[in-house]
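Summary of the model geometry
Spelled out, the chains give:
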Amino acid sequence: PIFRLIPKDIAAEVFAELDLTVATELLQYLTEKEAVTILNELAADDATDIIEEMPANVVSRILKATDPARRKQINELLHYPEDSAGSIMTTEFVYFRLDDTVKSAFERIRSVGVVKETVYTCYVVEKHKLLGIVTAKELLTQDDSITISDVMETNIITVNTHADKEEVANLLNKYDFLALPVVDVENCMVGIVTIDDAMDVILEEAEE
């Protein structure tokens, strides 16, 4: 396919913008190695959407060759109900600990931020529990030695993994957020729903 002519460093970005039906069909024309490379570069939720549309035998073969950490992410997402927040969330987000300093926070953003769905809003997590949020903008105004616990916001709007995805999309739209944290019944953070995922839901609703 012409897709193979696209430089590898931007192929995943192009692939993520394709219509789901087109992306799924294209993936079946690529070699197993090419398909795995693309899926490893995509956000976990985008990769999951595509895998859900593929034949079971193809899914099995590709997941077998996929990076173990990515395979775990995809398998977790595949277990959530189709219309739930869990089904459209990504498990990739930037998080800090309470005693991290602003300096170490920026070091973490630089090391992992480029592969995350959004780095504008970061999360404060201890033992998987969501304790607060902090924006990159807020960090920029602070001294390097200040700890995250001193600047984080604890008034957080969250959604449960089984919340209806349309409800989640409406919340993002209502509050003009770029992302919403997704938690389980024990308030453990498991992912985020981003505004681009929410827009997809809103468009689907409008078409229906």
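Quick caveat, the model's predicted, so the values are computed rather than measured.

Quick notes on the nonpolar core
As a rule of thumb, soluble globular proteins bury nonpolar side chains together. Formed by 21 residues in total, the largest nonpolar core has its most connected members in Phe15 and Leu27. Only helix H1 (8–16), helix H2 (20–27), helix H3 (32–41), helix H4 (44–52) and helix H5 (56–65) provide two or more residues apiece to this core. Aside from chain neighbours lying at most four places away, what touches leucine 27 is Phe15, Ala35, Leu39, Ile50 and Met54. Within the second largest apolar cluster, 16 residues are counted, among which are Ala44, Ala169, Leu172 and Val201.

Some remarks on the pattern of salt bridges
Evaluation of the coordinates by the stated rule reveals five salt bridges. Across the salt bridge formed by glutamate 76 and lysine 72, the nearest N and O atoms sit 2.7 Å from each other. Here the residue glutamate 76 and the residue lysine 72 both occupy positions in helix H6 (residues 68–78), the gap between them amounting to four residues, near one helical turn. Under the relative-accessibility criterion, glutamate 76 is labelled partly exposed at 33%.

So, how was this worked out
- Residues numbered from 1 in each chain as written.
- Predicted model: local features only at pLDDT ≥ 70, side-chain atom pairs only at ≥ 80, totals over all residues.
- Heavy atoms only, no water.
- Core = buried A, V, L, I, M, F, W, Y, C linked by side-chain atoms within 4.5 Å.
- Buried < 20%, exposed > 50% of the residue type's maximum accessible area, 1.4 Å probe, protein only.
- Helix = DSSP H or I, 4+ residues; strand = E, 2+ residues; numbered from the N terminus.
- Contact = heavy atoms within 4.5 Å.
- Salt bridge = Lys/Arg side-chain N within 4 Å of Asp/Glu carboxyl O.

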